[in-house]
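These are the residues of each chain, in order.
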Amino acid sequence: MSHQTGIVATDELRNFFATCKEGGANEGRYRAVKVSIENETLVLSDSGLADGSFEEDWDTLILPMLEEKQPCYIFYRMDSRGSHGGFEWLFLAYSPDFAHIREKMLYAGTRATMKKEFGQAQIKEEVFGTVAEDMSLAGYHKHLQAQSAPAPLTEAEEELKYIKQQEGVNTHVHVDTRQQTVKGIQFPISQPAITKLQQLKEGQINYVRLELDIVNETIELSGAEDTTVQTLPQRVPTDQPRYHFFVFKHTHEGDYQESVVFIYSMPGYKCSIKERMLYSSCKAPLLEQTEHDIGITAVKKIEIDDGAELTEEFLMDEIHPKKNAYREKFARPQGPAGKRGPRRMIRGANTPSS
């Protein structure tokens, strides 16, 4: 179909378009042309003459043409010329939020026809708006900025971008600076944090919480206090990632045990991408450093997004997974009830026939 809605322009509108675009005495005279749909026809609704530059005339001409609940089209002439030699025009499609649904659909379905009636070769750009601010000069500038800005990245693309940035970090290794290894990024552990970890190893305390200082690229002490399984969820921040070392004291199969559990808490997407990537990348080097340099070996490494997950039953299942001691053998299904029929004799190739 040449027209999606069957709506076409009146002869008056077509003649006015020709007058606006023609050379000679009328060239550059008209700055704005408003078109509406009336009785299922595209009609000339209003027009404005040029007085200054296209930016100076913008708000003075366009904003008074807008109605709160009525869609419309506006062709606005720029001061630049295209390859065809004539002036370039902007096509503004205005469809306010409070307009009737039928009106919105009608104008949306006629938009391609409207551009064709005017002449697409002279339309430089199309701008769509739902409020008057979108149609203002400031709104047009925002539209240009949005057009030139790069497309927004997905979460996966953001993380990939950050990884590539990390691959380009300074490879100079110093004993007190971070190191990028195959397993991740190693930040040095601060002395207060090392002291508390040593106390945890010696049994003086049973809980240590660590955090990353992203600015100084170090691992700092966030908290260290005696903690029970019941109070452990309260130690987990709801809006920031943390590392936790917890000595889980419990009895299993009659034996008393004290198991060091490493907990990596990451509260979903409440944290920035940089935080998520750094905490994830620093985790393995931290565990390696605490095991080799301090002597703390975590029997279980757990990752959670909510402290409420840390119950005694959850920790027991993580450290001592339940095993199925009895595996039921495959039960062969029984045949149909009742007696079998008489056995059939299968005549062989060498069996004489009677």
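What comes next is a walk through the structure. For every chain, the first residue of the written sequence is number 1, and numbering continues from 1 along that sequence. With the structure being a predicted model, the display of local features is reserved for residues of pLDDT at least 70 and the display and counting of side-chain atom pairs for 80 or more, all residues being used for whole-chain, interface and lining totals. Side-chain measures here rest on the full set of heavy atoms in the structure, leaving out hydrogens and waters.

## Describing the overall build of the protein
Right, on to step 1. Only runs of H or I of at least four residues qualify as helices and only runs of E of at least two qualify as strands under DSSP, and these elements are numbered from the N terminus. In terms of regular secondary structure, the protein is built from nine helices and 12 strands.
Right, on to step 2. Three exposure classes are used, based on accessible area relative to the maximum for each residue type with a 1.4 Å probe and protein chains only: buried under 20%, partly exposed in between, and exposed over 50%. Taking all 354 residues of the protein together, the buried fraction comes to 38%.
Right, on to step 3. Total accessible area computed for the protein in this model is approximately 21900 Å², and 48% of it derives from carbon and sulfur atoms. Using a 1.4 Å probe, accessible areas were evaluated by the Shrake-Rupley method; residue-level cover was limited to the displayed protein chains.

## Observations concerning the nonpolar core
Right, on to step 1. Among the buried residues, those of types Ala, Val, Leu, Ile, Met, Phe, Trp, Tyr and Cys that are joined through side-chain atoms within 4.5 Å form a nonpolar core. Counting 27 residues, the largest nonpolar core has Leu-210, Leu-212, Tyr-243, Phe-245, Phe-262 and Leu-286 as its most contacted members.
Right, on to step 2. Looking at this core, the element that brings in the most residues is helix H8 (residues 273-294), giving six residues.
Right, on to step 3. Pairs of residues are marked as contacts when any of their non-hydrogen atoms sit within 4.5 Å. Apart from residues lying up to four places away in sequence, Leu-212 is in contact with Phe-187, Thr-218, Ile-219, Tyr-243, Leu-278, Tyr-279 and Cys-282.
Right, on to step 4. The next biggest cluster of nonpolar side chains, apart from the first, holds 22 residues, and it includes Ile-37, Phe-87, Trp-89 and Leu-106.

## Re the packing of helix H1 (residues 11-21) against helix H3 (residues 101-118)
Right, on to step 1. Axis lines are fitted to C-alpha atoms, over the contacting stretch for helices. Their N-to-C directions set the angle, which ranges from 0 to 180 degrees. It is at 10 Å that the axes of H1 and H3 come closest, and there the two elements cross at 55°. Classified by the angle between their axes, H1 and H3 sit oblique to one another. Packed against H1, whose contacting residues are Leu-13, Arg-14, Phe-17 and Lys-21, the element H3 presents Met-114, Glu-117 and Phe-118 at the interface.
Right, on to step 2. Asp, Glu, Lys and Arg are counted as charged, while Ala, Val, Leu, Ile, Met, Phe, Trp, Tyr, Cys and Pro are counted as nonpolar; the rest, among them Gly, fall into the polar class. Its residues assigned to classes, the contact of H1 with H3 shows four nonpolar, no polar and three charged. Roughly parallel refers to an angle under 35 degrees, roughly antiparallel to one over 145, roughly perpendicular to one between 65 and 115, and oblique to any angle outside these ranges.

## Some thoughts on the packing of helix H2 (residues 54-62) against helix H5 (residues 137-148)
Two numbers describe a pair of packed helices, the interaxial angle and the distance between the axes.
Right, on to step 1. In contact at an axis separation of 9 Å, H2 and H5 are set at 120° when each is read in the N-to-C sense. Accordingly, the angle class assigned to the pair H2 and H5 is oblique. Residues Phe-54, Glu-55, Trp-58 and Asp-59 of H2 touch H5, and the partners they reach there are Leu-137, Tyr-140 and His-141.
Right, on to step 2. Here the contact of H2 with H5 is built from residues that sort into four nonpolar, one polar and two charged.

## Focus on the pattern of salt bridges
Right, on to step 1. When a carboxyl oxygen of Asp or Glu is within 4 Å of a side-chain nitrogen of Lys or Arg, the pair counts as a salt bridge. Counted under the stated rule, the structure contains 13 salt bridges.
Right, on to step 2. One salt bridge in this structure joins Asp-11 and Arg-14, with 3.8 Å as the shortest N-O distance. One end of the pair, Asp-11, and the other, Arg-14, are both in helix H1, three residues apart, so they sit about a helical turn from each other.
Right, on to step 3. With relative accessibility at 56%, the residue Asp-11 sits in the exposed group.
Right, on to step 4. Of the charged contacts, one joins Glu-211 and Arg-242 as a salt bridge, the two residues approaching to 3.0 Å between their closest N and O atoms. With Glu-211 in strand E8 (residues 207-213) and Arg-242 in strand E10 (residues 242-252), this residue pair connects regions lying 31 residues apart in the sequence.
Right, on to step 5. You can call Arg-242 buried: its relative accessible area is 8%.
Right, on to step 6. When salt bridges with common partners are traced through the structure, they connect Arg-31, Asp-57, Arg-77 and Asp-79 into a single cluster.

## Description of the packing of aromatic side chains
Right, on to step 1. The pairing test for Phe, Tyr and Trp rings, Trp by its six-membered ring, is centres within 6.5 Å, and the orientation test on the planes gives stacked under 30 degrees, edge-to-face over 60, and tilted for anything in between. By the definition in use, this model includes 16 aromatic pairs.
Right, on to step 2. A ring pair is formed by Phe-17 and Phe-118, whose centres lie 5.0 Å apart and whose planes are at 80°; its orientation type is edge-to-face. Of this pair, Phe-17 sits in helix H1 while Phe-118 is found in helix H3, placing the two residues 101 residues apart along the sequence. Phe-118 shares its class with Phe-17; the two are buried.
Right, on to step 3. Among the aromatic side chains, those forming a connected cluster through ring pairs are Phe-17, Tyr-73, Phe-75, Trp-89, Phe-91, Tyr-107 and Phe-118.
Right, on to step 4. Think of it as a cone above the ring: NZ of Lys or CZ of Arg counts as a charge over the ring if it is within 6 Å of the ring centre and within 35 degrees of the ring normal. In this arrangement the basic side chain of Arg-81 is found over the ring face of Phe-87, its NZ or CZ atom lying 4.0 Å from the centre.

## Considering the environment of Leu-49
Right, on to step 1. Positionally, Leu-49 belongs in strand E2 (residues 41-49).
Right, on to step 2. Taking C-alpha positions, Leu-49 is 8.4 Å from Leu-61, a pair spaced 12 residues apart along the chain.

## Topic: the environment of Leu-63
Right, on to step 1. Inspection of the secondary structure assignment puts Leu-63 in the loop between H2 and strand E3 (72-81).
Right, on to step 2. Separated by 73 residues in the primary sequence, Leu-63 and Ser-136 place their C-alpha atoms 6.8 Å from one another.
Right, on to step 3. Ignoring anything within four residues of it in the chain, the contact list for Leu-63 reads Trp-58, Ala-132, Met-135 and Ser-136.

## Things to note about the sheet that holds strand E4 (residues 87-94)
Right, on to step 1. The strand order E2-E1-E3-E4-E5 describes an open sheet built from five strands, whose pairing is mixed. Looking at strand neighbours, the two that pair on one side only are E2 and strand E5 (123-129), the edges of this open sheet. Between one strand axis and the next, the sheet turns by 20° as a mean value, whatever way the strands run.
Right, on to step 2. Relative to E2, strand E1 (residues 30-38) runs antiparallel, the two being bridged by eight bridges. In the sheet register, Tyr-30 faces E2, and the bridge partner there is Leu-49.
Right, on to step 3. Its contacts with the sheet place H3 against E1, E2, E3, E4 and E5, and it is angled at close to 35° to E3. A pair of strands is labelled paired if DSSP reports no fewer than 2 bridges between them.

## Points about the environment of Glu-117
Right, on to step 1. Mapped onto the elements of the fold, Glu-117 is located in helix H3.
Right, on to step 2. Along the backbone, Glu-117 and Phe-17 are 100 residues apart, and their C-alpha atoms lie at a distance of 8.7 Å.
Right, on to step 3. Each residue touching Glu-117, except ones within four places of it in the same chain, is listed here: Val-8, Ala-9, Arg-14, Phe-17 and Leu-42.
Right, on to step 4. We define a polar contact as two N or O atoms separated by no more than 3.5 Å, with the added condition that, inside protein, one atom must be a possible hydrogen donor and the other a possible acceptor, whereas residues neighbouring each other in sequence contribute only through side-chain atom pairs. Reaching out from Glu-117, the side chain makes a polar contact with the backbone nitrogen of Ala-9 at a distance of 3.3 Å.

So yeah, pure geometry; function would need other evidence.
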